[in-house]
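# Inside the fold
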Amino acid sequence: MQAKKRYLLVSVGAGLLFLVYLWGLQIGEFQQQPYQYHQFPQYPQYHQPDYQYYHHQSQEVYQPQPLPQRSPSRTPRHWPESTQLLEPYLEGGEQEEDSPQVQHQHTSPRERRAIRDNIYRNKRCRMETCFDFARCQSGFRVYIYPPQRGDEISETYKKILSSIEESRFHTTDPSRACLFILAVDTLDRDQLSAQFVQNVRLRIQSLPTWNDGRNHLIFNLYSGTWPDYTEDLGFEVGQAMLAKASADVVNFRPNFDISIPLFSKEHPLKGGGIGYLTLNDAPPSRKYLLVFKGKRYLTGIGSETRNALYHIHNGDDIILLTTCKHGKDWEKHKDSRCDRDNEEYSK
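- Named according to an unreviewed UniProt entry, the protein chain is Exostosin GT47 domain-containing protein originating from Eleginops maclovinus.
- As stated in UniProt under Sequence similarities (unreviewed entry), the record for the protein chain gives "Belongs to the glycosyltransferase 47 family."

Set out below in structure tokens:
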């Protein structure tokens, strides 16, 4: 009889231990699972009193009135993500392929920071700290360095230099100059471009009046290279002012650098006759309201935005001409609009 009682107690104890073990496993699995936000978001209850004013016997009396509580039957409003707003204009697969995660996929944050610190080491430059106004006491004169033998200058940079040389501010005497312009073409600093100029760093630092770029103005339209475009110019800007297209807000120096539009080589040096531009010509008497012609990046920086803006092209007063031919492997990322876009772009 004693043996049966002892066996029964042992069995009950083993069963209890097994139940405790199972309960411990369930708690461990629950703690390891990430918290899922599948419930509706909880909105804060506003208990601050809303003061309403009443007139009673010519005296102004206010009494706090509570705001109406949110009805529990009302479905909370879910705001769409920024990418959801562009979904009607993104064709199949573009959103995942062109998401911001692919930006700078070949350059680490440390490498990008090193490039930025090396090229833009004078980030605190302002006109009062990195510009010598003493050189401008005799007037605003602009000096262009003479080109070296064998220099290849793009048509766009030739137009910039010509517009300065034909102006009343140009001088051929560097001792009278208030501002200095480089003769070396720095517009295209994409190493994959045929217009990329080699040895710019050595050429700039060898200039007799470079002085770490003080009182110099550098023009640039393209920087870095595909697919990262880290704004690597390939030389130190120093204390020179930078007139740049598509400038990054991280590197842009307010009240010192200049943001310029990205214009093509077909952009005319001069346009319109004398008196064509009048003070009261608003809106301008032009056929086109908006015109863009450039590359439509299939991946990387700017791809998602450019791929989603094709719908504003109406062929009348808003013209959007883009080409997919960008980079060596653009055909790998080719979408259904590339053939039509390339054809329109080449017209």
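Okay, back to it.
## Points about the state of the cysteines
- On inspection of all chains with the given rule, the structure shows 3 disulfides.
- In this model, C136 is linked to C178 through a disulfide, with the two sulfur atoms separated by 1.8 Å. Here C136 and C178 share a disulfide; its torsion about the S-S bond, 65 degrees, makes the bridge right-handed. Note that C136 is positioned in the loop between α5 (127-130) and β3 (142-144) and C178 in the loop between β4 (170-171) and β5 (179-181), a separation of 42 residues in sequence. Judged on exposure class, the residue C136 and its partner C178 are both buried.
- A sulfur-sulfur distance of 2.3 Å marks the disulfide that ties C324 to C338. Given an S-S torsion of about -95 degrees, the disulfide between C324 and C338 has left-handed geometry. Remark: C338 occurs in helix α9 (residues 338-346) and C324 occurs in the loop between β12 (318-323) and α9; sequence separation between them is 14 residues.

## Topic: the sheet that holds β5
- Across the sheet, 6 strands lie side by side as β4-β3-β5-β7-β9-β10; this open sheet has parallel pairing. Each of the sheet's edge strands pairs with one partner strand only, and the pair in question is β4 and β10 (258-259).
- In this structure, β3 lies alongside β4, joined through 2 bridges in parallel fashion. Along β4, the bridge assignment pairs V142 with H170.
- Contacts between helix α6 (residues 155-165) and the sheet are confined to β3, β4, β5 and β7 (216-220), with β3 contributing the most and set at about 135 degrees to the helix.

## Some remarks on the nonpolar core
- In terms of nonpolar packing, the biggest core is built from 39 residues, with Y157, I181, L182 and F219 touching the most fellow members.
- Residue assignment for this core shows that the elements contributing at least two residues are β3, α6, β5, α7 (200-205), β7 and β9 (241-244).
- It is α6 that provides the largest number of residues to this core, a total of 4 residues.
- Not counting residues within four places of it along the chain, the set of residues in contact with I181 comprises V142, Y143, I144, Y145, Y157, L161, I164, L217 and F219.

What counts and what doesn't
- Residues numbered from 1 in each chain as written.
- Predicted model: local features only at pLDDT ≥ 70, side-chain atom pairs only at ≥ 80, totals over all residues.
- Heavy atoms only, no water.
- UniProt positions renumbered as here; feature names shortened; annotations may be inferred.
- Disulfide = S-S within 2.5 Å.
- Helix = DSSP H or I, 4+ residues; strand = E, 2+ residues; numbered from the N terminus.
- Buried < 20%, exposed > 50% of the residue type's maximum accessible area, 1.4 Å probe, protein only.
- Pairing = 2+ DSSP bridges.
- Contact = heavy atoms within 4.5 Å.
- Axes fitted to C-alpha atoms, helices over the stretch in contact; angles between N-to-C directions.
- Core = buried A, V, L, I, M, F, W, Y, C linked by side-chain atoms within 4.5 Å.

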